[in-house]
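Listed below, chain by chain, are the residues.
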Number of protein chains: 4
Amino acid sequence: MALPAPLTGVVPPVCTPLTPEREVDVDSLLRLVDHLVAGGVHGVFVLGSTSEAAFLTDGQRRRVVEAVVGHLGGQLPVLAGAIDMSTARVLDHVASVAAAGADAVVVTAPFYARAQHPAEIARHYRRVAEKSPVPVFAYDIPVSVHTGLPVDLVLELAAEGVLAGLKDSSGDLAGFRQVAGGVRAGAGPAGFSVLTGSELLVDAALALGADGAVPGLANVDPHGFVRLYRLAPAGDQDGAPAEQERLCALFGMVGAADPARMGPGSAAIGAFKAALHLRGVIDCPATAEPQIPLAPAEVERVRAFLAAAELV
Amino acid sequence: MALPAPLTGVVPPVCTPLTPEREVDVDSLLRLVDHLVAGGVHGVFVLGSTSEAAFLTDGQRRRVVEAVVGHLGGQLPVLAGAIDMSTARVLDHVASVAAAGADAVVVTAPFYARAQHPAEIARHYRRVAEKSPVPVFAYDIPVSVHTGLPVDLVLELAAEGVLAGLKDSSGDLAGFRQVAGGVRAGAGPAGFSVLTGSELLVDAALALGADGAVPGLANVDPHGFVRLYRLAPAGDQDGAPAEQERLCALFGMVGAADPARMGPGSAAIGAFKAALHLRGVIDCPATAEPQIPLAPAEVERVRAFLAAAELV
Amino acid sequence: MALPAPLTGVVPPVCTPLTPEREVDVDSLLRLVDHLVAGGVHGVFVLGSTSEAAFLTDGQRRRVVEAVVGHLGGQLPVLAGAIDMSTARVLDHVASVAAAGADAVVVTAPFYARAQHPAEIARHYRRVAEKSPVPVFAYDIPVSVHTGLPVDLVLELAAEGVLAGLKDSSGDLAGFRQVAGGVRAGAGPAGFSVLTGSELLVDAALALGADGAVPGLANVDPHGFVRLYRLAPAGDQDGAPAEQERLCALFGMVGAADPARMGPGSAAIGAFKAALHLRGVIDCPATAEPQIPLAPAEVERVRAFLAAAELV
Amino acid sequence: MALPAPLTGVVPPVCTPLTPEREVDVDSLLRLVDHLVAGGVHGVFVLGSTSEAAFLTDGQRRRVVEAVVGHLGGQLPVLAGAIDMSTARVLDHVASVAAAGADAVVVTAPFYARAQHPAEIARHYRRVAEKSPVPVFAYDIPVSVHTGLPVDLVLELAAEGVLAGLKDSSGDLAGFRQVAGGVRAGAGPAGFSVLTGSELLVDAALALGADGAVPGLANVDPHGFVRLYRLAPAGDQDGAPAEQERLCALFGMVGAADPARMGPGSAAIGAFKAALHLRGVIDCPATAEPQIPLAPAEVERVRAFLAAAELV
């Protein structure tokens, strides 16, 4: 389908269900997509961080995007991560997901490689955009790549037409506001899309100009985020904060695992997958290696969060 | 060839010469390997950070390891980096380089993925070693992966036989000494190899127990590092420091580029490749995208470092 | 005066005007306080980061708090920073500012000292609160102390009555929301005050439960922040965003200086003081050593920001 | 006494014994100084990080330097830390310790304050040196101040005569070597002193040009470090490594405490003080607030390290 410009609404980063042997479980993946569609989402983002893209082999990545694109059949826009260390490697992923039918690609700053000077980041996005057959979204995720995208740089690349949008997972809402404001003020092409990845601040981000949200927790409760998206810009001062607060409480599940046993990534992805398993959406809650699996008591804590939100 | 245990001596991380179009220049690569062999090195390490592994596509990586293994024909051990974000992706590279004939693989902690809890790092190396057909070296490079390998963890994995050696690019010589001492004291299998990646401290590392060195600058001056390797453990208190100081001065070339124009990676790799080009070893000094090329005046500064070391 | 519980409204961190010789310019300081009072602020915060507390000697700090407390004569609550590395040093400042009449103290986590384990931070606040004659606010400022205050820790210390409030300069609005929500849900004493230090997000912070704001930019435009404070909770969906956007544009002055010449602190404090000087509030825009002064062209850029906001 | 130029030898950063009420225990402090003198040290460094300077009040700092200077009576040079956030505050400490008779001051880059641009750091040292009545040593301690001192900056300030020496606690032996080499090559005044703070690398640092060492562990075993200092430059290839390895093993005591209970500072200072208490040098092992005290089982682990080194 043609990508709306700007892309708006709730665009969940789709979890990648795995079998116990850590192969992509396509049946569960498609059930998850159906669950999101039923929740009313406005697009899907495959192969993002919540999708465990960093853990999937190239073959597994291809399987995911082909399955989702084929299943949706143009019903909703599909964004696909092209997550890799540097320009040429990213372009291989771009070619692969575009061939599989993705409507746009989502690309981080270079990482591992020490090519994180603003001039190097700009060159990276320009080279990627030159060769990409589909629009390029910048993915600002300093927790993973260990550098942020400067506001000025994003606005400059938007104005050049290099970038079609921003997926902001920086946690820096002030910087996000500056990008949104800059775009509104005319930096950037018409239709530049500003999306927040902060599930705890979707209401605030919408209030200050976000076009939409990419909340990992929307895997678990797409209906809640879609309700929030509808309430917030309408200025419903009772409904929107209440819905957001309910989702904030639900998000507490990412703290269900013992932080002495595992890092925050294993805990968060593990909780989302456990919740999807408990809700009957996916067959197996396994996360990719080398993430640590949740213990039974930790899964019970996830269940308690679902119960409090009346989701089980 | 059978990998010596421990692997000792000078094992340069081989630069990857590129054409102006950023394809692997195999002819130049083999001339560079010949230059290293002529310098007396004891092994080569392809697809490391100095090799721009983070910038090479999978196809380019394969081309490099096949060309070098084929060219050396067992004359010297070939280590190959299997640099990627997480376990399954690393294992794909391991399979590829082992099939091409690499004698060992060099593997970092997970990166990008937030799977950097010690339990997750340990699980990563255990899973990789279970499936790797060749020995696994740990690659400690916090500047790229944003976590270090704790001394205790390295010694534990050495004792289990998971790791065959350590390539230390942490800059933390005190931690390096603790690993070397622990190995000597019996933690770790017989033949565990402790290699330093700090070209400015090769003499010091050898004095405190390193088996060898993996100096990026050895691309430019392999003879110098081989001389240093021979002098140092012999306790030659005149020759070793003098040779090391000469190499420290030569290393100044990594500061030839203007730090306002590019990051330290572009500057260092750019300088090494400029030097190899000036010395007539490779045809083109291009570095991979999105690294910034050295300007002519910066190249002249590299030439001055070579001249001071009587290398041009 | 008795400190309101919770403290609400706009509580600017008061700049500390200096003479060209870098002594406290008390006349200018009191004019600045009058300017803030005329703007309608609800309290003042002296000896915070924007006040250059880190640069002032103990004698200068004492002079500031005595002058401001004496001048206000109980008209408004006065919070005072007690910024130092560790417990006993902080307590010396607490005694000094409390003796001078401050109504509350604002205290960071330990810094420089490597005592930043959650157990050490908790012990620090407990020891300080035991001996402080006035209420203690936690000051969350990771950019300066290089650790954040975990949400759970703040809520635990609030529930114990150790803390009377939080001054949040973390930039992490999601964490801020979790503290505000936790306090509302009953963690913390009645009257616990949650204040944001993010001048670009005052509307958003108020919408999600902030009691007030501590914006450095309010030195320059107190009237604007007081208007915003009144509009925001009233749900004025036209006025509040417009006022906040105006202030965001004005805040652009912190980028007036050339980042190649100085760090972001020199640039921000230098811009605020230049603006106060240009507005005629203070006699001299000097900042404390070793901060770099703004050059004339940079001051002109500050003037342009003021002009655009119709403040000169 | 006149400060030797360069200052050479073993210059321990003297622990500050405290009473159970956390007051300076002057009797124990002087016994500790006698213990160091008996061990043959070449100077003492009071009010450094190992001295818990960051935790001591101004009154306590003054007591320490007056007691030690008075006790030594010119027998050995006394360096004193002037550890504070910025120029004016540092100068107050400089005045205080110089008045008390310190022979030199040791000064870090600005911290807390965001004045860490190279131009700001240089300005800081220049202003301090202009007003200091005694020579100024730079203290490179990124773990505390969160920035390193660039090699070029140190050499530039040395050449200007601003700095009389460097106390390097960066852990970056390559950078240390570059400073030592630059000084030898004529950057810096005659007599510039290059001292390492890395107790695990004293032999290596001496081999590559250090004038001396400032090892925290020398509180516990001054004799060992003095022996090492004598053996190392003599090129005693049996004795020096053996002594250094013995000291490395002894240093293991900093890991005696449970890292889940406290940070690394509490653990290290706690271990040194426990060891001094077990050896009968000081009356009470208390560390300053808010550091966590070692538990009895952890103290027993410290005792085991002492026993293995035949020090109890």
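What you see is a predicted model; the values in this text were computed from it and never measured. (Residues numbered from 1 in each chain as written. Chains lettered and ligands numbered in written order. Predicted model: local features only at pLDDT ≥ 70, side-chain atom pairs only at ≥ 80, totals over all residues. Heavy atoms only, no water.)

(A) Looking closely at the overall build of chain A. Scanning chain A from terminus to terminus reveals twelve helices and eight strands. Here the C-alpha radius of gyration of chain A, 18 Å, is about what a compact globule of 312 residues would show, namely 20 Å. The proportion of buried residues among the 312 residues of chain A is 63%. Sequence-distant contacts in chain A: of pairs separated by 6 or more residues, those separated by 24 or more amount to 74%. Carbon and sulfur atoms make up 55% of the accessible area of chain A, which totals about 9,900 Å². Once the 22 positive and 33 negative side-chain charges of chain A are each reduced to a mean point, those two points are 3 Å apart. (Helix = DSSP H or I, 4+ residues; strand = E, 2+ residues; numbered from the N terminus. Rg over C-alpha atoms; globule rule 2.2 N^0.38 Å. Buried < 20%, exposed > 50% of the residue type's maximum accessible area, 1.4 Å probe, protein only. Contact = heavy atoms within 4.5 Å. Areas by Shrake-Rupley, 256 points an atom, 1.4 Å probe, with all protein chains shown as cover. Lys, Arg positive; Asp, Glu negative; His and termini not counted. Charge placed at Lys NZ, Arg CZ, Asp CG, Glu CD.)

(B) Quick peek at the interface of chain A and chain B. Taken together, the contacts link 50 residues of chain A with 50 residues of chain B. At the boundary of chain A with chain B, total buried surface from both sides reaches about 4,000 Å², with 57% on carbon and sulfur atoms. Considering only the side of chain A, the residues that lose the most area to chain B are A:Arg89, A:Tyr112 and A:Arg114, jointly responsible for 22% of the buried surface there. Here chain A is connected to chain B by eight salt bridges. In this structure, B:Arg89 and A:Asp84 form a salt bridge, with 3.4 Å as the shortest nitrogen-oxygen distance. (Buried area = accessible area lost by both parts, 1.4 Å probe. Salt bridge = Lys/Arg side-chain N within 4 Å of Asp/Glu carboxyl O.)

(C) Spatial organisation of the relation of the copies chain D and chain B. Screw-axis analysis of chain D against chain B gives a translation of 0.0 Å along the axis, an RMSD of 0.0 Å, and a rotation angle of 180°. Each copy turns onto its partner about a two-fold axis. Of every C-alpha in chain D, the one belonging to D:Ala204 sits nearest the axis of rotation, 2.9 Å from it. The overlap is high: 100% of the interface residues of chain D also sit at the interface in chain B, so the same surface is used on both sides. (Least-squares fit on C-alpha atoms with pLDDT ≥ 70 in both.)

(D) Structural view of the sheet that holds strand β2 (residues 44-46) of chain A. All names here are of chain A. Spatially, β1-β8-β7-β6-β5-β4-β3-β2 is the arrangement adopted by the eight strands of the open sheet, whose pairing is parallel. Both outer strands of the open sheet, β1 (9-10) and β2, are each paired with one neighbouring strand and no more. Summarising the sheet, strand β6 (residues 165-168) and strand β7 (residues 193-196) pair through four bridges and their orientation is parallel. Bridge pairing in β7 links Lys167 to Leu195. (Pairing = 2+ DSSP bridges.)

(E) Quick peek at the relation of the copies chain A and chain B. If you rotate chain A by 180° and push it 0.0 Å along the axis, it lands on chain B with an RMSD of 0.0 Å. Most of the interface of chain A is mirrored in chain B, where 100% of its interface residues again form contacts.

(F) Geometry of the pairing of strand β3 (residues 78-81) of chain D. Residues and elements named next belong to chain D. Judged by which residues are buried, β3 turns out to be covered on both faces: Val78 and Ala80 on one side and Leu79 and Gly81 on the other are all buried. For strand β2 (residues 44-46) and β3, the ladder comprises three bridges, and the chain directions are parallel. Opposite Val44, over in β3, you have Val78 as the bridge partner. Chirality of the crossover, the property in question, places the unit of β2, helix α2 (residues 58-72) and β3 among those that are right-handed. Where β3 meets strand β4 (residues 104-108), three bridges bridge the pair, whose relative direction is parallel. Each bridged residue has a counterpart across the sheet, and for Gly81 the counterpart in β4 is Val106. (Right-handed = clockwise from strand over helix to strand, strands pointing away.)

(G) Structural view of the state of the cysteines. Residue and element names in this part refer to chain C. Within this structure, the stated rule accounts for zero disulfides over all chains. The thiol of Cys248 is unpaired, and the distance to the nearest cysteine sulfur, on Cys15, comes to 18 Å. What makes Cys248 buried here is its relative accessible area of 14%. (Disulfide = S-S within 2.5 Å.)

(H) Region of interest: the packing of aromatic side chains. Tallying each qualifying case throughout the model produces ten aromatic pairs over all chains. Between B:Phe45 and B:Tyr139, the ring centres sit 5.8 Å apart and the planes meet at 75°, which makes this aromatic pair edge-to-face. Of this pair, B:Phe45 sits in strand β2 (residues 44-46) while B:Tyr139 sits in strand β5 (residues 136-140), placing them 94 residues apart in sequence. Each member of the pair, B:Phe45 as well as B:Tyr139, carries the same accessibility label: buried. An aromatic cluster is present here, built from A:Phe111, A:Tyr112, B:Phe111 and B:Tyr112 joined pairwise through their rings. (Phe/Tyr/Trp six-rings, centres within 6.5 Å; stacked < 30°, edge-to-face > 60°.)

(I) Here's a closer look at the environment of C:Pro215. All names here are of chain C. Inspection of the secondary structure assignment puts Pro215 in the loop between β8 (212-213) and α9 (222-231). Between the C-alpha atom of Pro215 and that of Ala82, which follows or precedes it by 133 residues, the distance is 18 Å. Not counting the four nearest positions on each side in its chain, Pro215 is found in contact with Val10, Val11, Pro12, Pro13, Glu199 and Phe225.

(J) Molecular detail of the interface of chain D and chain B. Opposite the 16 residues of chain D that make contact, chain B presents 16 residues. Of all residues in chain D, D:Arg177, D:Leu201 and D:Glu245 bury the most surface against chain B, accounting for 38% of the area lost on that side. If you look at where chain D meets chain B, you find six salt bridges. In this structure, the salt-bridge partner of D:Arg184 is B:Glu245, at a minimum N-O distance of 3.6 Å.

(K) Main features of unusual backbone geometry. Residue and element names in this part refer to chain C. In the segment running from Ala5 into Pro6, the intervening peptide bond is cis, with an omega of 0°. Among the secondary structure elements, Pro6 is positioned in the segment before β1 (9-10). The phi torsion at Arg22 lies on the positive side, around 65°, for a residue other than glycine.

(L) Representation of the UniProt feature "binding site: pyruvate" (unreviewed entry) in chain A in the model. Residue and element names in this part refer to chain A. Feature annotation in UniProt assigns "binding site: pyruvate" (unreviewed entry) to the following positions: Thr50 and Val214. These annotated residues cover 165 residues of sequence, and their C-alpha atoms all fall within 10.1 Å of one another, placing them together at a single site. The contact partners of Thr50, leaving out residues within four places of it in the chain, are Pro13, Cys15, Gly216, Asn219, Ile269 and Phe272. Not counting residues within four places of it along the chain, the set of residues in contact with Val214 comprises Val11, Pro12, Pro13, Phe45, Lys167, Leu195, Thr196 and Gly197. (UniProt positions renumbered as here; feature names shortened; annotations may be inferred.)

(M) Expanded view of empty space enclosed by the protein. Going through the model one piece at a time under the given rule, you end up with one cavity of 30 Å³ or more. Taken as a whole, the largest cavity spans an internal volume of roughly 30 Å³. Contributing to the lining of the largest cavity are A:Phe111, A:Tyr112, A:Ser144, A:Val145, A:His146, B:Phe111, B:Tyr112, B:Ser144, B:Val145 and B:His146. Of all the secondary-structure elements, those providing two or more residues to the lining of the largest cavity are α5 (142-145) of chain A together with α5 (142-145) of chain B. Partitioned by chemical class, the residues of the lining of the largest cavity number six nonpolar, four polar and no charged. (1 Å grid on protein atoms, 1.4 Å probe; cavity = no way out; pocket = protein on both sides within 12 Å on 5 of 7 lines; lining within 4 Å. Points joined across faces, edges and corners; volume = space filled by probe spheres on them. Nonpolar A, V, L, I, M, F, W, Y, C, P; charged D, E, K, R; others polar.)

(N) View of the pattern of salt bridges. The full count for this structure, using the stated rule, is 80 salt bridges over all chains. Here A:Glu130 ties to A:Arg127 by a salt bridge, and the two come within 3.5 Å at their closest N and O atoms. With a gap of three residues between them, A:Glu130 and A:Arg127 both fall in helix α4 (residues 118-131), about one helical turn apart. For A:Glu130, a relative accessible area of 56% gives the class exposed. A salt bridge links B:Asp221 to B:Arg246; the nearest nitrogen and oxygen atoms lie 2.5 Å apart. Remark: B:Arg246 occurs in helix α10 (residues 239-251) and B:Asp221 occurs in the loop between β8 (212-213) and α9 (222-231); sequence separation between them is 25 residues. The class for B:Arg246 is partly exposed, based on a relative accessible area of 25%.

(O) Highlighting the packing of helix α3 (residues 87-99) of chain C against helix α4 (residues 118-131) of chain C. Residue and element names in this part refer to chain C. Look at α3 against α4: their axes get within 10 Å of each other, and the N-to-C directions meet at 30°. In terms of their interaxial angle, α3 and α4 are classed as roughly parallel. Handedness of the crossing formed by α3 with α4: right-handed. Between α3 and α4, the contacting residues are Thr87, Val90, Leu91 and Val94 on the first element and His124, Arg127, Val128 and Lys131 on the second. For the contact of α3 with α4, the class distribution of residues is four nonpolar, two polar and two charged. (Axes fitted to C-alpha atoms, helices over the stretch in contact; angles between N-to-C directions. Parallel < 35°, antiparallel > 145°, perpendicular 65-115°, else oblique. Left-handed = near helix turned anticlockwise from the far one by under 90°.)

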